[in-house]
Amino acid sequence: MNMMNVDPAICNYCGACVGSCPVNCMFLDETIVRIDEDKCIKCGFCIRACPVGAISADWWSE
Ligand code: SF4
Ligand code: SF4
């Protein structure tokens, strides 16, 4: 089940989210950011790190 989403219409492929992830479960693929949600610890760092607000998650609230 995919609980996190990176909106490809908003993402500018900057890589900030990938660098922010403490468990290295984010990857820059050809044209999109992919997240290994089995490894994700739901810290929210990537969501905060994204300068354009492209990442959302159903478990996240500010
Ligand atoms: S919520 Fe945390 S662990 Fe999960 S992908 Fe984002 S930075 Fe990585
Ligand atoms: S930080 Fe945001 S804009 Fe940058 S690659 Fe990640 S999802 Fe895309």
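Our subject is the structure listed above.
Residues numbered from 1 in each chain as written. Chains lettered and ligands numbered in written order. Predicted model: local features only at pLDDT ≥ 70, side-chain atom pairs only at ≥ 80, totals over all residues. Heavy atoms only, no water.

*Asks:* Hey, could you go over the site of ligand 1 for me, with residue numbers and the actual values?
*Replies:* Taken together, 14 residues sit near ligand 1, with Cys21, Cys40, Cys43, Gly44 and Cys46 positioned nearest. Its residues placed into classes, the shell around ligand 1 shows 12 nonpolar, 1 polar and 1 charged. (Near = heavy atom within 4 Å. Nonpolar A, V, L, I, M, F, W, Y, C, P; charged D, E, K, R; others polar.)

*Asks:* Now, about the site of ligand 2: what can you tell me, with residues and values included?
*Replies:* Near ligand 2 you find 13 residues, and of these Cys11, Asn12, Cys14, Cys17 and Cys50 are the closest. Of the residues belonging to the shell around ligand 2, the class tally is 11 nonpolar, 2 polar and no charged.

*Asks:* Which residues make up the nonpolar core, and what values go with them?
*Replies:* Core analysis: the biggest nonpolar cluster contains 15 residues, and Met4, Cys17, Met26, Cys46 and Ile55 have the highest contact counts within it. If you list the elements that add at least two residues to this core, you get strand S1 (4–6), helix H2 (45–49) and strand S4 (55–57). Ignoring anything within four residues of it in the chain, the contact list for Cys17 reads Met26, Val33, Cys46, Ala49 and Ile55. (Core = buried A, V, L, I, M, F, W, Y, C linked by side-chain atoms within 4.5 Å. Buried < 20%, exposed > 50% of the residue type's maximum accessible area, 1.4 Å probe, protein only. Helix = DSSP H or I, 4+ residues; strand = E, 2+ residues; numbered from the N terminus. Contact = heavy atoms within 4.5 Å.)

*Asks:* Tell me about the packing of aromatic side chains, residues and numbers included.
*Replies:* Scanning the model with the defined rule gives 1 aromatic pair in all. Ring centres of Trp59 and Trp60 lie 6.3 Å apart, and the angle between their planes is 90 degrees; on these two criteria the pair is classed as edge-to-face. For Trp59, a relative accessible area of 24% puts it in the partly exposed group. (Phe/Tyr/Trp six-rings, centres within 6.5 Å; stacked < 30°, edge-to-face > 60°.)

*Asks:* So what's going on with the state of the cysteines? Residues and values would help.
*Replies:* All chains considered together, the criterion is met by 0 disulfides. Take Cys25: it sits in no disulfide, and the sulfur closest to it among the cysteines is that of Cys21, at 3.7 Å. (Disulfide = S-S within 2.5 Å.)

*Asks:* How would you summarise the pattern of salt bridges if you had to cite specific residues and measurements?
*Replies:* Following the criterion strictly, the structure yields 1 salt bridge and no others. In this structure, Asp29 and Arg34 form a salt bridge, with 2.1 Å as the shortest nitrogen-oxygen distance. Note on Asp29: relative accessible area 28%, which makes it partly exposed. (Salt bridge = Lys/Arg side-chain N within 4 Å of Asp/Glu carboxyl O.)

*Asks:* Explain the environment of Cys40 to me, using residue names and the numbers behind them.
*Replies:* Within the secondary structure layout, Cys40 lies in the loop between strand S3 (33–35) and H2. Sequence separation between Cys40 and Asn24 is 16 residues, and the spatial gap between their C-alpha atoms is 8.5 Å. Apart from the residues lying within four places of it in its own chain, the contact partners of Cys40 are Met4, Val23, Cys25 and Trp59.

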